[in-house]
Amino acid sequence: CRGCEYANKLREIEAGLRQNKCPFCRSPLPNTQEEADVNAMKRAKGNDPCALQQMGSKYYNNGDHERAFEYWTKAAELGDTLAHHLLSLLYR
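The following paragraphs examine the structure supplied in this document.

What counts and how
Residues numbered from 1 in each chain as written. Predicted model: local features only at pLDDT ≥ 70, side-chain atom pairs only at ≥ 80, totals over all residues. Heavy atoms only, no water. Axes fitted to C-alpha atoms, helices over the stretch in contact; angles between N-to-C directions. Helix = DSSP H or I, 4+ residues; strand = E, 2+ residues; numbered from the N terminus. Parallel < 35°, antiparallel > 145°, perpendicular 65-115°, else oblique. Left-handed = near helix turned anticlockwise from the far one by under 90°. Contact = heavy atoms within 4.5 Å. Nonpolar A, V, L, I, M, F, W, Y, C, P; charged D, E, K, R; others polar. Buried < 20%, exposed > 50% of the residue type's maximum accessible area, 1.4 Å probe, protein only.

### Some details on the packing of helix α3 (residues 49-61) against helix α4 (residues 65-77)
Step number 1: As a packed pair, α3 and α4 sit with axes 8 Å apart at the nearest point and diverge in direction by 165°. Comparing the axis directions of α3 and α4 gives the class roughly antiparallel. Regarding α3 and α4, the two cross each other, and that crossing is left-handed. Here Pro49, Leu52, Gln53, Met55, Gly56, Ser57, Tyr59 and Tyr60 of α3 lie close against α4, whose contacting residues are His65, Arg67, Ala68, Tyr71, Trp72, Lys74 and Ala75.
Step number 2: Of the residues belonging to the contact of α3 with α4, the class tally is nine nonpolar, four polar and two charged.

This is the structure we're talking about:
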């Protein structure tokens, strides 16, 4: 429902802290796609299920289905429901 993210943004606005920062790690948002890819890889290495699922989708869209399978499997093991769904689509 994004309630936590909304509450955090509201708190930052009220306290005058509003900056372009990640709502989860509070680091500055990336300025380029390369920086975004590096951040995503760091999150994936830290076993963030959402990041693993996103990396799997990136590899799938680039045609590397084996690598996508690996990332989605790891994300599913960590409880990401979208990764479960995406894995099921590979078996069609």
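Still more to cover.
### Digging into the environment of Lys74
Step number 1: Mapped onto the fold, Lys74 is located in helix α4.
Step number 2: For the pair formed by Lys74 and Asn31, sequence separation is 43 residues and the distance between their alpha carbons is 28 Å.
Step number 3: Those residues within four positions of Lys74 in sequence are excluded, and the remaining contacts are Asn47 and Leu52.

### A short note on the environment of Asn61
Step number 1: Looking at where Asn61 falls in the secondary structure, it is placed in helix α3.
Step number 2: You can call Asn61 exposed: its relative accessible area is 62%.
Step number 3: Between the alpha carbons of Asn61 and Glu34 there is a distance of 17 Å; along the sequence they are 27 residues apart.

Purely spatial values, then, with no claim about function.
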